[in-house]
Amino acid sequence: MNWAVFAGWIAGAYLVGSIPVGYMIACARGIDIRELGSGNIGATNVARVLGWRAGGVCLALDMLKGIVPTLAYGLATGRAPDWERLSPLDVWLWTAIAAAVITGHMFPVWLRFKGGKGVATGFGALLGVFPVMTVAALGAMVVWLVSARISRQVGVSSCLAALSLPVWIYLAVTGAAKAGLLRHGSEQAGPHAGAHPLPDCLRAYLVMSAALALLVIWKHRGNIARTLAGTERKIGERVQVAPGDAAARR
């Protein structure tokens, strides 16, 4: 293991994650997105201020910057093609790349470490840890879509999806183990000894997904407060930019 090379991967992933896509899209229209709506540079606030087309572009690019470094690392190191044989260390290293991308989005060096909330970039990064976290990310997305349909609130939906992520991880990993797809495991102790072995990598996947869930919820603390106060905007509500709003324009 060449730790200097790995440090380079971490730094590169962080810098890619730090690209402030939403801020750049708004700046191209002469607007500082940080001065409008929730002040967030993510796709949701971009959509509220600039419309769903701009928000969709922001969403796609934020997801792309999450998946590219993560999947690139998995392919370059052989972890993606050999996913069923990964050791706990392999999982820690690969998920560390995903964490670096997400951290970059949340705390971008270019904007004094004040960035987005990590949902779109996190989803992309998890898709890149193929296939275990890809399956879990898709499950969390289903939770997000159902919640968004019912509550029409992005913050609530994002928090519920984040909370469900470790559950999806557990189901994906143990399901793969039962199907004989994972080749690293440790025998269970206790009354259930003799059942299918628990994968050694399960703890690494669970810790990473739980840490990500807690970070996403912490980044949405403002949304939670506004939801409790009854002032949180619903999905589809727009923020109007007055022509003479100098505070919002560059």
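Conventions we followed
- Residues numbered from 1 in each chain as written.
- Predicted model: local features only at pLDDT ≥ 70, side-chain atom pairs only at ≥ 80, totals over all residues.
- Heavy atoms only, no water.
- Axes fitted to C-alpha atoms, helices over the stretch in contact; angles between N-to-C directions.
- Helix = DSSP H or I, 4+ residues; strand = E, 2+ residues; numbered from the N terminus.
- Left-handed = near helix turned anticlockwise from the far one by under 90°.
- Contact = heavy atoms within 4.5 Å.
- Core = buried A, V, L, I, M, F, W, Y, C linked by side-chain atoms within 4.5 Å.
- Buried < 20%, exposed > 50% of the residue type's maximum accessible area, 1.4 Å probe, protein only.
- 1 Å grid on protein atoms, 1.4 Å probe; cavity = no way out; pocket = protein on both sides within 12 Å on 5 of 7 lines; lining within 4 Å.
- Points joined across faces, edges and corners; volume = space filled by probe spheres on them.
- Nonpolar A, V, L, I, M, F, W, Y, C, P; charged D, E, K, R; others polar.
- Polar contact = N/O pair within 3.5 Å; in protein donor to acceptor, adjacent residues only side chain to side chain.
- Phe/Tyr/Trp six-rings, centres within 6.5 Å; stacked < 30°, edge-to-face > 60°.

In contact at an axis separation of 7 Å, helix α7 (residues 132-151) and helix α8 (residues 154-178) are set at 145° when each is read in the N-to-C sense. As α7 runs across α8, the sense of the crossing is right-handed. Here V132, M133, V135, A136, A137, G139, A140, V143, W144, S147, A148 and S151 of α7 lie close against α8, whose contacting residues are V154, V156, S157, S158, L160, A161, S164, L165, W168, I169, A172 and V173.

If you look at the biggest cluster of nonpolar residues, it comprises 41 residues, and the most contacted ones within it are L126, M133, L165, I169, V173 and Y205. Within the residue set of this core, elements represented by two or more residues are α1 (3-17), α5 (88-106), α6 (119-128), α7, α8 and α9 (202-219). Looking at this core, the element that brings in the most residues is α5, giving 9 residues. If we skip the residues at most four places from it in the chain, V173 touches V132, L182, P199, L202 and Y205.

The subject of this paragraph is empty space enclosed by the protein. Counting across every chain of the model gives 2 cavities of 30 Å³ or more. Quantified by volume, the largest cavity comes out at close to 210 Å³. Taken together, 16 residues form the lining of the largest cavity, with V119, F123, A140, A161 and A162 sitting closest to its centre. Elements represented by at least two residues in the lining of the largest cavity include exactly α6, α7, α8 and α9. For the lining of the largest cavity, a count of residues per class yields 13 nonpolar, 3 polar and no charged. Reported here for the second largest cavity is a volume of approximately 30 Å³. Residues belonging to the lining of the second largest cavity are distributed by class as follows: 6 nonpolar, no polar and 2 charged.

All right, on to the environment of R226 then. Looking at the element boundaries, R226 is found in helix α10 (residues 221-229). Owing to a relative accessible area of 28%, R226 belongs among the partly exposed residues under this scheme. Contact partners of R226, with chain neighbours within four places excluded, come to S38, K117, T231 and E232. In this structure the side chain of R226 is engaged in a polar contact, spanning 2.8 Å, whose partner is the side chain of E232.

This next bit is on the environment of I217. In this fold, I217 is placed in helix α9. Sequence separation between I217 and L160 is 57 residues, and the spatial gap between their C-alpha atoms is 8.8 Å. In this structure, I217 is in contact with C159, L163 and I224, ignoring residues within four places of it in sequence.

Once that is clear, we can look at the side chain of H220. Among the structural elements, H220 can be located in the loop between α9 and α10. Beyond its immediate sequence surroundings of up to four residues, H220 is in contact with K117, V119, G155, S158 and C159.

One pass over the structure, following the stated rule, counts 3 aromatic pairs. Between W3 and F6, the aromatic rings sit 5.9 Å apart at their centres with planes inclined by 90°, giving edge-to-face as the arrangement. Of this pair, W3 and F6 both sit in helix α1, 3 residues apart, which is roughly one turn of the helix. Judged by its relative accessible area of 11%, F6 is buried. Taking 5.2 Å as the distance between ring centres and 80° as the angle between the ring planes, the aromatic pair formed by W9 and Y73 counts as edge-to-face. With W9 in helix α1 and Y73 in helix α4 (residues 52-76), the pair connects residues that are 64 residues apart, well separated along the chain. A residue is classified by how much of its surface remains accessible, and Y73, at 2% relative accessible area, is buried.

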